[in-house]
Amino acid sequence: MHSLHWTSRMISRALRSSFSTLLESATGAGAASKVGEGALKSATPRPHFVSVVCGFAKDNLRHKYKPGKYGEDSWFKASTEQADVMGVADGVGGWRSYGIDPGEFSSFLMRTCERLVQCSHFNPQRPVNLLAYSYCELMEQKKPILGSSTACVLILNRETKTVHTANIGDSGFMVVRQGEVVHKSEEQQHYFNTPFQLSLPPPGHGPNVLSDSPESADTMSFPVEDGDVILIATDGVFDNVPEALLLDVLRDVEGERDSVKLQMTANTLALMARTLSLNSEFLSPFALSARRNNIQARGGKPDDITVVLATVAM
Amino acid sequence: MSLLALAQASTSASASTSSSSDTELDAQVDFSTMLMHRQREYSGWFGCGTKMQPEPTDQGYYLEQYVLGVLDFSSQYGIEYSISYTAANVVGRPSKFPAYGDYPETFTMRTYGDWWQRAPSATQEIQPQNLPKLATHDYIVVYFEDYVVPTEVAIFETFNPGAVIRIWAYGLTKHWTCLWEALDTDLAPTSRNSRRFAPPLLKTTMITKTLRIDFNHSQLNYYTEIDAIMLCGRTVSGRLIQSILEEQARVYKPHSPLSKMGTGGPISCKLRTLKFKPNCREKNDTSLHEFISNDLGKFLLDNRQEDPLDTPACGMCVTDLPFEILLKILSYLDLQSLFSVGRVSRTFYDISTHPLLYAELNLKPYWPVASSELLCTLARRATMLRKLDLSWCGGFNEISPTEFKKFLTQRGDNLTHLRLNSCKFLNASCIENVGIVCDNLIELSLRNCATDPPLLNFSCLANLKNLERLDLFQTAFDTELLLSMLEGNRKLKHLNLAFCGVSVNMDDVADHLATYNTQLISLDLWKAHFLSARGLLAISRCRQLEELDLGWCLREASLGDGLFQLLSNCPKLRKLFLSAVRGTTERDLLHIATLGKNLEQLDLMGILNITHERVFDILVHCPKLQLLDLSFCDNIMERDFDLLAEWSRQFKVDIKSSRIFDTR
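Treat the numbers as computed from the prediction; the structure is a model and nothing was measured.

Caption draft 1: The overall build of chain B, seen in detail. Along chain B, the regular secondary structure elements total 20 helices and 22 strands. Among the 664 residues that make up chain B, the fraction classed as buried is 52%. Of all intrachain contacts in chain B linking residues separated by at least 6 positions in sequence, the fraction that spans at least 24 positions is 79%. Total accessible area computed for chain B in this model is approximately 29,900 Å², and 54% of it derives from carbon and sulfur atoms.

Okay, structure coming up:
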């Protein structure tokens, strides 16, 4: 409960001090940017992502394909003049036994992030704010949305050519440059197989449910160069595909601007993760980490797989 | 047409040599047709993002544009920083249309139907004869990117269409023109389908990029939701706009209040500047005088109708009636007619300017023309002013704060009712003035005055001690001020603090209410998210409560004993809104059924634990129930929809059960 209170109060105070409403009173803003854009072709190339998505739901039979989600995972992509934004969210499956659809929470989180990117108060340097606002929006819905999910959001600020990230839980991202991993997110877990998660518990069960506030997200900011490859994925990928294998695939696609080729690589990655996850003999990263926690495990971890693959083009 | 002619005349007059301009004109024509051809290829639905920068050409092109931003709105369902059910969703392209359903990505207003008029907190309109037949309940003011001459305005309604009654446009000449007005018949509830509503507009040549849409909710079954607004029209060249704006700056238009509603074209302006005076006045005067003294009698004799009851000796006319009767007759007139009547004759002028006719003033229906001059005129007449409603006026600087303060200082000391909803001209010193001058106030309504820094941050209003109704819907204020006002006004009966819960600690407010304002009849705490069970317990000590709106309060916190205490202590409770109070348990619903004997309106939207049995219990045990809102109660919705309809008929209760119709 505390996390909800604090987040909302923080946001409302921040909003009151800088921009109290979403209303714009000056038309000059719109006109100025239009004049700045001016001619049909731009003078300087703007940094942007060439991005593709691929994935598989764990249980293909139960989940019909719906755009924007793979089973309980969900993703979004959005772009404005100032920034390109991408994100994934992984719904925590444990809610199913309480009659709550875990995919609803993650899907809503991602859809709201997509809408919030277009708002006037979107700050391209604070992905944590995006997650926090999106989380608050959950409570303004007439339809009660329950559940929890991890989240990972990445923003490319065009002007400063930096990427800002925020990660809660065990989804994550990886940045590859010149054949090497230069940035990688850390998994956040309370204990084994229990990642940090944003959650909205059913009324009355607040204290019994693990609920982390958006403030506990890991944030990173780093500059990017032309040709960098960025992979954002849920734990279905990182738990099943060893890093060396990922690196192998990703280094081939550095600097690739053709989205078709990029899509083929994303498909490869997703398929690799899927195959390995269903393999019962293979010592996956998940099995290795389980063994480190004194749990005898072997084989891949069947899970929803979401791969968002992007290259930076300038 | 006249504006266009004027502008072109002035530009051609300022051209130096005719020959050079001719050749330039030829070149321009060729280029502009070429450009139009290219633009027609690219034209389409220009969003509010980047678009081609058009070359200045005298012939505009057809442009369709969506809302760029929202300037003002009277109410919205969601809280201000949210993007769910708020006015900000009207911006840009439609996100849900043509889907039909209750979606959060749309603009929803706070009320529907006439349920709020039937509630204990309902207010009476001041000077109701001023209001048009279809009164405006809510409005929204939006602006677009480019100036156009409007040919079509399309409103995309995605839920319960049929609330739009007026479309206004704000022209370059700084006047509002009503482009369309609904007739009574237009407001009949339409089919349950989303629609693109584009009524036939007035043929006009005004240039605008700001629209205001007026809504009337009386026929609505449930909330109405707007997804987007589109303005279509012909663009005009930048030069034309510039010249009109310069014209505006030069010509001063003295606005005769209410007698001319916003028409003062360029010709009459020109006439005024020329100091045009007819010079045959004397002759007319004497000839009229002669006619009356010599020929009138004969004229009447020749033209009278044969009537046996006719007594030609004593002809009664209206002005022979006693003064008080005339005053009574004129008291039924609306303000505009009153001004017109004053122009008939000296007698009528004297009667129509009598202060007793100006004891109640409502300028809300005249918001397009309310100005500082009007206030000045009214100040001279309204020496016995008791009730004043200036809501919605002065949105574009037509009323200056200084003028308002002067008005208040002159006439405000006997005010008992003051409504300043959505008055954009208010500043902190105006409010201070209210506090100092109007200490007899019984009702103060300051809805929708949310500014940053908050207007009400002085201890100015703490001077008011007789308040019975205080309405601070969607207005920001300092907690300390509110608490001191609550302590000072022991007779407070109606308090509206909707949307104020973000910056104010509602538990403290609730404690104060229980201590100092035990006569409270209605309390609105919509969206006071951080109200806790302790606050609810405090509220339950106001035993006179008849109306309590706790929508979206308490979040997921459990209510504890609060609801039970409330229902036991307040037997007079008629309206109880528990929208999205997710902590409501089945026991609470049992309590409602057993203790809510006088309940007329009950809103249980979005509460999870509701089952059929509890609903039936409530329907059986609450005999006076008229409205029961069970929308988004997913526990029920999955199954028998028809059962609810059956119960609705059987118990004569209006049961609302909206939900999102398609799954995404």
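So that's the structure; there's more coming.
Caption draft 2: Local environment of the UniProt feature "domain: F-box" (unreviewed entry) in chain B. When the UniProt feature table is mapped onto this chain numbering, "domain: F-box" (unreviewed entry) sits at residues 315-361 of chain B. A helix fraction of 47% and a strand fraction of 4% characterise residues 315-361 of chain B, whose end C-alpha atoms lie 36 Å from each other.

Caption draft 3: Up close: the nonpolar core. Membership of the largest hydrophobic core comes to 119 residues, with the highest contact counts inside it found for Leu 426, Leu 461 and Leu 604 of chain B. For Leu 461 of chain B, the residues in contact, after removing those within four places along its chain, are Ile 431, Val 434, Gly 435, Leu 444, Leu 446, Leu 456, Leu 481 and Met 485 of chain B.

Caption draft 4: The sheet that holds strand β14 (residues 305-313) of chain A, seen in detail. Residue and element names in this part refer to chain A. The antiparallel open sheet is built from five strands, whose spatial order is β1-β14-β13-β7-β8. The open sheet is flanked by β1 (48-56) and β8 (180-184), the only strands paired with a single partner. Neighbour-to-neighbour, the strand axes of this sheet turn through a mean angle of 20°, independent of strand direction. Pairing between strand β7 (residues 172-177) and strand β13 (residues 229-233): five bridges, direction antiparallel.

Caption draft 5: View of the packing of aromatic side chains. For the structure on display, the rule yields 29 aromatic pairs over all chains. Between Tyr 66 of chain B and Phe 156 of chain B the ring centres are 6.3 Å apart and the planes differ by 45°, which places this aromatic pair in the tilted class. Of this pair, Tyr 66 of chain B sits in strand β2 (residues 62-66) while Phe 156 of chain B sits in strand β5 (residues 138-159); the two residues are 90 residues apart in sequence, bridging distant segments of the chain. Phe 156 of chain B sits in the buried class, given a relative accessible area of 2%. Ring geometry for Phe 616 of chain B against Trp 647 of chain B: centres 5.2 Å apart, planes inclined by 45°, an arrangement best described as tilted. With a gap of 31 residues between them, Phe 616 of chain B in helix α18 (residues 612-621) and Trp 647 of chain B in helix α20 (residues 641-651) connect regions that are remote in the sequence. For Phe 616 of chain B, a relative accessible area of 34% gives the class partly exposed. Among the aromatic side chains, those forming a connected cluster through ring pairs are Tyr 77, Tyr 85, Tyr 100, Tyr 112, Trp 116, Phe 159, Tyr 222, Tyr 223, Trp 526, Trp 552 and Phe 577 of chain B. The residue whose ring lies beneath Lys 142 of chain A is Tyr 77 of chain B, and the NZ or CZ to ring-centre distance is 4.6 Å.

Calculation notes
Residues numbered from 1 in each chain as written. Chains lettered and ligands numbered in written order. Predicted model: local features only at pLDDT ≥ 70, side-chain atom pairs only at ≥ 80, totals over all residues. Heavy atoms only, no water. Helix = DSSP H or I, 4+ residues; strand = E, 2+ residues; numbered from the N terminus. Buried < 20%, exposed > 50% of the residue type's maximum accessible area, 1.4 Å probe, protein only. Contact = heavy atoms within 4.5 Å. Areas by Shrake-Rupley, 256 points an atom, 1.4 Å probe, with all protein chains shown as cover. UniProt positions renumbered as here; feature names shortened; annotations may be inferred. Core = buried A, V, L, I, M, F, W, Y, C linked by side-chain atoms within 4.5 Å. Pairing = 2+ DSSP bridges. Axes fitted to C-alpha atoms, helices over the stretch in contact; angles between N-to-C directions. Phe/Tyr/Trp six-rings, centres within 6.5 Å; stacked < 30°, edge-to-face > 60°. Lys NZ or Arg CZ within 6 Å of the ring centre and 35° of its normal.

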